[in-house]
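Residues per chain, in single letters:
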Amino acid sequence: MSTKPISSAQLAVTSALLSGDSGALYRIAAGLLDEGVPIETVLFDFLVAAGDQVGARWQSGDYLIAEEHVATATIETVVSLLMGSLDQPTEGAHIIVSVAEGDDHSLLSRALAAYFLFLEYRTTYVGANVVSSDLHHYLRSEGPEALVLSCAMTTHLFGARSAIRASHEAGVPVLTGGRGFGQNGVWATLLGADAWSSSPHGAPSIIETWTPDIDSAESRAMQPSADLLQALDSRSAILATAQTELRRRLPGEMDRRLAEGLDLLLGAALAAELVDDSVVLREMLQWQRSMLSAQGLDPGDQVSGSMRKALNDSLPWLGHRLSREMDATS
């Protein structure tokens, strides 16, 4: 189908997003459906794509955090309204959709839940940042055919691994998706996922045709080393040390985004160790440098320098990895 209806509709989207006008955005989405645009196109190529654009504009400094939150909440409201207009089947395969523990990015998973429901799967959306132990009990009680798990950032790969293990222990196979699993889903397999979908459009067809083997998938999963487990236990202390160092370098009240930057960088360093792939850390350094610079927050890479100092003082082996990747990306 031609993309002309979507291209025309996009001209009216920006004002609706920034004003938080979910009613206006819903009418645009409903109008596209009335014109014959497939619901998956409206969900993924219009609404989720709009969310991606909002995130990109925040990263480049065009949007304030508040503006990004308003726009994203408006999109999620419309996705929820579309899902609410669909009837829940009483029979058929049951799919549970969730987000990796620690990950608050819920737009993609919410749109996926709406799409599965449209395809007449019994669909339950459990939301973002679900504690894996609770997820395990819920999956065991519900007994779905599959868990569909999204992960938006590599910093949440530990949470993704925890959710996958919890699902497998409940006897439920896991289909994964999202940027957090890396190019071509390379880290999804390392975390024990039964399958990975490169596109939300293709997720249902994978579940319709796959023959998952939970035991085999679990046998492929990377297991954290003793050193990595020690690092996880020390995470709070490392962050506190890094924040102290950053305050020394940048006196004054710390911007919350800088504190979050330290947390994201440490998460990426730990995730790189988990999957034994420095690309995780390298990409975070590149993204964070660009984003913080665009927002005028980090002159001279003070965030990464502060984290390197904290790691060198407590976990030199991890500090060495960070130093190597900082040099490689400078």
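Before reading further, recall that the structure is shown in the block above.
Our subject in this report is the structure included herewith. (Residues numbered from 1 in each chain as written. Predicted model: local features only at pLDDT ≥ 70, side-chain atom pairs only at ≥ 80, totals over all residues. Heavy atoms only, no water.)

Considerations on the overall build of the protein chain
Note the threshold: Where helices and strands are cited, they refer to DSSP runs of H or I of at least four residues and of E of at least two residues respectively, numbered from the N terminus. For the radius of gyration, the atoms used are the C-alpha atoms, and the globule rule reads 2.2 Å times the number of residues raised to 0.38. Only protein chains enter the calculation, and the probe is 1.4 Å; a residue is then buried if its accessible area is under 20% of its type maximum, exposed if over 50%, and partly exposed in between. It only takes one pair of heavy atoms within 4.5 Å for two residues to be counted as in contact. The method behind every accessible area is Shrake-Rupley, applied with a 1.4 Å probe, and residues are considered shielded solely by the protein chains displayed. Positive: Lys, Arg. Negative: Asp, Glu. His and the chain ends are not part of the count. To locate a charge, the coordinates of NZ of Lys, CZ of Arg, CG of Asp or CD of Glu are taken.
A tally of regular secondary structure across the protein chain gives 17 helices and five strands. Rg of the C-alpha trace for the protein chain: 21 Å, near the compact-globule value of 20 Å for 330 residues, within the 12% margin. The principal-axis extents of the C-alpha atoms in the protein chain amount to approximately 60 × 50 × 30 Å. Within the protein chain, the proportion of its 330 residues that are buried is 49%. By sequence separation, contacts in the protein chain at least 24 residues apart represent 74% of the contacts at least 6 residues apart. Total accessible area on the protein chain is roughly 14,800 Å²; 49% of this is exposed by carbon and sulfur atoms. Charged side chains of the protein chain number 22 positive and 41 negative; the gap between the two group centres comes to 7 Å.

Here we look at helix α15 (residues 279-294)
Test applied: Working rule for helices: expected span equals 1.5 Å times residues minus one. The arc in question is formed by the directions pointing from the helix axis toward the C-beta atoms.
With 16 residues, α15 extends 22 Å between its outermost C-alpha atoms, agreeing within 8% with the 22 Å of an ideal straight helix rising 1.5 Å per residue. Of all the positions in α15, only V280, L281, M284, L285, Q288, M291 and L292 are classed as buried. Axial view of α15: buried residues confined to an arc of 150 degrees, hence all on one face. Among the structural elements, α4 (39-59), α9 (186-190), α14 (256-275), α16 (302-314) and α17 (316-329) are those in contact with the buried residues of α15.

Description of the sheet that holds strand β3 (residues 146-150)
The cut-off we apply is this: For two strands to pair, DSSP has to find at least two bridges joining them. Lines fitted to C-alpha atoms define the axes, with helix axes restricted to the stretch in contact, and inter-axis angles between N-to-C directions lie between 0 and 180 degrees.
Within the open sheet, the five strands sit side by side as β2-β1-β3-β4-β5. Their pairing is parallel. Each edge of the open sheet carries a strand with a single partner, namely β2 (122-127) and β5 (195-196). Alignment of strand β4 (residues 174-177) against β5, held across two bridges, turns out to be parallel. Residue L175 lies in a different strand from β5, and its bridge partner there is A195. Its contacts with the sheet put helix α6 (residues 107-118) on β1 (94-99), β2 and β3, and the angle it makes with β2 is roughly 165 degrees.

Overview of the packing of aromatic side chains
This is how the line gets drawn: To pair, rings of Phe, Tyr and Trp, with the six-membered ring standing in for Trp, must have centres within 6.5 Å; the planes then decide the type, stacked if under 30 degrees apart, edge-to-face if over 60, and tilted in the middle.
Taken as a whole and judged by the stated rule, the model has two aromatic pairs. Relative to Y115, the ring of F44 lies with its centre 5.5 Å away and its plane at 85 degrees, an arrangement referred to as edge-to-face. Taken together, the residues span a long stretch of sequence, with F44 in helix α4 and Y115 in helix α6 at a distance of 71 residues. By the burial criterion, F44 is buried, and Y115 matches it. With a centroid separation of 5.2 Å and 80 degrees between ring planes, the pair formed by F116 and Y121 is classed as edge-to-face. The exposure classification of F116 matches that of Y121, with both residues buried.

Some words on unusual backbone geometry
Working note: non-glycine residues mostly have negative phi, and peptide bonds are mostly trans. Notably, E120 is not glycine yet its phi reads approximately 70 degrees, a positive angle. Among the secondary structure elements, E120 is positioned in the loop between α6 and β2. We note that N129 has phi near 50 degrees; this positive angle belongs to a residue other than glycine.

Some points on the packing of α16 against α17
Threshold: Working rule for angles: under 35 degrees goes down as roughly parallel, over 145 as roughly antiparallel, 65 to 115 as roughly perpendicular, anything else as oblique. Put simply, a crossing is left-handed when the front helix is turned counterclockwise from the back one by less than a right angle, and right-handed when it is turned clockwise. Amino acids outside the nonpolar list (Ala, Val, Leu, Ile, Met, Phe, Trp, Tyr, Cys, Pro) and the charged list (Asp, Glu, Lys, Arg) are all regarded as polar, and Gly is one of them.
Between α16 and α17, whose axes approach to 6 Å, the crossing angle comes to 150 degrees. When the axes of α16 and α17 are compared, the pair comes out roughly antiparallel. By crossing handedness, the relation of α16 to α17 is classed as left-handed. Across the interface between the two elements, S304, G305, M307, R308, L311, N312 and S314 from α16 touch P316, L318, G319, H320, L322, S323, M326 and D327 from α17. Residue composition of the contact of α16 with α17, grouped by class: six nonpolar, seven polar and two charged.

Focus on the nonpolar core
Here is the rule: Definition of nonpolar core: a set of buried residues of the types Ala, Val, Leu, Ile, Met, Phe, Trp, Tyr and Cys, connected through side-chain atoms within 4.5 Å.
Ranked by internal contacts, the top residues of the largest apolar core, which has 102 residues, are L25, L43, F46, L47, I207 and M307. Ranked by residues supplied to this core, first place goes to α14 with 12 residues. Contacts of I207, omitting those with residues within four sequence positions, involve I95, F116, Y121, A146, V148 and L175.

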